[in-house]
Amino acid sequence: MTDYQKQAEDFLTKTNTTLTIKFKKYDKYFTDDKECRNIYTCTLKRNNEKYSFTFGQSIACTEKNIKPTAYDILSCLEKYQFNNFKEFCSEYGYDPDSRKAEKIYKACDKQASNIISMFGEDDSINELREIC
């Protein structure tokens, strides 16, 4: 286990959070994917909250049949919310006139909202943000 993986596992233990990772399908994940990859359904549970989402494994790991770790999942979560779409585009270099960028913004905003709801009531969100 790497130090990064240990950091993620320790975070889950400390915050009394469970993470389940289940294989969903082998398919294209992003709209502009040219190759298929393993796609997983991930579920975080903490206290009375539950958040499920999909995770597309890297092509390289898919080719080696490597299942994602807690670190892989937690480090990819969106943990910050932006004030608006324009700020999001400025931070990540998207074109503010792009419908694709707006769709990505909405998905990121929804994920951040769920993650902050689950971990934001104490210092847990800050610890989660350090997993990167």
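Undergrad: Please provide a residue-by-residue account of the overall build of the chain, values included.
TA: Helix and strand counts for the chain stand at six helices and three strands. Here the C-alpha atoms of the chain give a radius of gyration of 16 Å, agreeing with the 14 Å that 2.2 N^0.38 yields for 132 residues. Based on the C-alpha atoms only, the size of the chain along its principal axes is roughly 40 × 40 × 25 Å. Going through the 132 residues of the chain one by one, you find that 35% of them count as buried. Counting contacts in the chain only where the partners sit at least 6 residues apart, residues at least 24 apart contribute 52% of the total. The distance from the centre of the 21 positive side-chain charges to the centre of the 22 negative ones in the chain is 7 Å.

Undergrad: Requested: an account of the layout of surface pockets, with residues and values cited.
TA: The space that makes up the largest pocket amounts to roughly 1,000 Å³. Looking at the lining of the largest pocket, the elements that each hand over two or more residues are strand E3 (49-56), helix H3 (70-76), helix H4 (85-92) and helix H5 (99-119). Counting residues per element, the lining of the largest pocket draws most heavily on H5, which supplies eight residues. The class makeup of the residues in the lining of the largest pocket is 14 nonpolar, seven polar and seven charged.

Undergrad: So what about the nonpolar core? Which residues, and what values?
TA: Side chains that are nonpolar tend, in soluble globular proteins, to be buried together. In terms of nonpolar packing, the biggest core is built from 22 residues, with Leu19, Cys42, Leu44, Leu74, Ile115, Phe119 and Leu128 touching the most fellow members. When contributions to this core are tallied by element, the ones reaching two or more residues are helix H1 (3-14), strand E1 (17-27), strand E2 (37-46), E3, H3, H5 and helix H6 (124-129). Excluding its chain neighbours within four sequence positions, the residues that come into contact with Leu19 are Leu12, Cys42, Thr43, Leu44, Ala70 and Ile73. Judged by nonpolar contacts, the second largest core, of six residues, contains Phe82, Cys89, Ala101 and Tyr105.

Undergrad: Any details on the pairing of E3? Residues and values, ideally.
TA: Sheet analysis places E2 next to E3, joined by eight bridges and oriented antiparallel. Note that in E3 the partner of Thr43 across the bridge is Ser52. Linking two consecutive strands that pair antiparallel, namely E2 and E3, is a turn of two residues; a positive phi of about 50° is found at Asn47 within it.

Undergrad: Which residues make up the pattern of salt bridges, and what are the values?
TA: In total, this model carries seven salt bridges according to the counting rule given. Note that Arg46 is salt-bridged to Asp122, the shortest N-O span being 3.2 Å. Within this pair, whereas Arg46 is found in strand E2, its partner Asp122 is found in the loop between H5 and H6, the two being separated by 76 residues in sequence. In this structure, the salt-bridge partner of Lys106 is Glu102, at a minimum N-O distance of 3.9 Å.

Undergrad: Can you break down the packing of aromatic side chains residue by residue, with the values?
TA: Evaluation of the coordinates by the stated rule reveals eleven aromatic pairs. Feature note: the residues Phe82, Phe85, Phe88, Tyr92, Tyr94 and Tyr105 constitute an aromatic cluster, connected by ring pairs. Lying over the aromatic face of Tyr80, Arg129 brings its terminal NZ or CZ to 4.2 Å of the ring centre.

Undergrad: Could you give me a rundown of unusual backbone geometry, with the residues and numbers involved?
TA: Phi is positive for Asn47, close to 50°, though the residue is something other than glycine. Among the secondary structure elements, Asn47 is positioned in the loop between E2 and E3. Accessibility expressed as a relative area gives 60% for Asn47, which makes it exposed.

Definitions and limits used
Residues numbered from 1 in each chain as written. Predicted model: local features only at pLDDT ≥ 70, side-chain atom pairs only at ≥ 80, totals over all residues. Heavy atoms only, no water. Helix = DSSP H or I, 4+ residues; strand = E, 2+ residues; numbered from the N terminus. Rg over C-alpha atoms; globule rule 2.2 N^0.38 Å. Buried < 20%, exposed > 50% of the residue type's maximum accessible area, 1.4 Å probe, protein only. Contact = heavy atoms within 4.5 Å. Lys, Arg positive; Asp, Glu negative; His and termini not counted. Charge placed at Lys NZ, Arg CZ, Asp CG, Glu CD. 1 Å grid on protein atoms, 1.4 Å probe; cavity = no way out; pocket = protein on both sides within 12 Å on 5 of 7 lines; lining within 4 Å. Points joined across faces, edges and corners; volume = space filled by probe spheres on them. Nonpolar A, V, L, I, M, F, W, Y, C, P; charged D, E, K, R; others polar. Core = buried A, V, L, I, M, F, W, Y, C linked by side-chain atoms within 4.5 Å. Pairing = 2+ DSSP bridges. Salt bridge = Lys/Arg side-chain N within 4 Å of Asp/Glu carboxyl O. Phe/Tyr/Trp six-rings, centres within 6.5 Å; stacked < 30°, edge-to-face > 60°. Lys NZ or Arg CZ within 6 Å of the ring centre and 35° of its normal.

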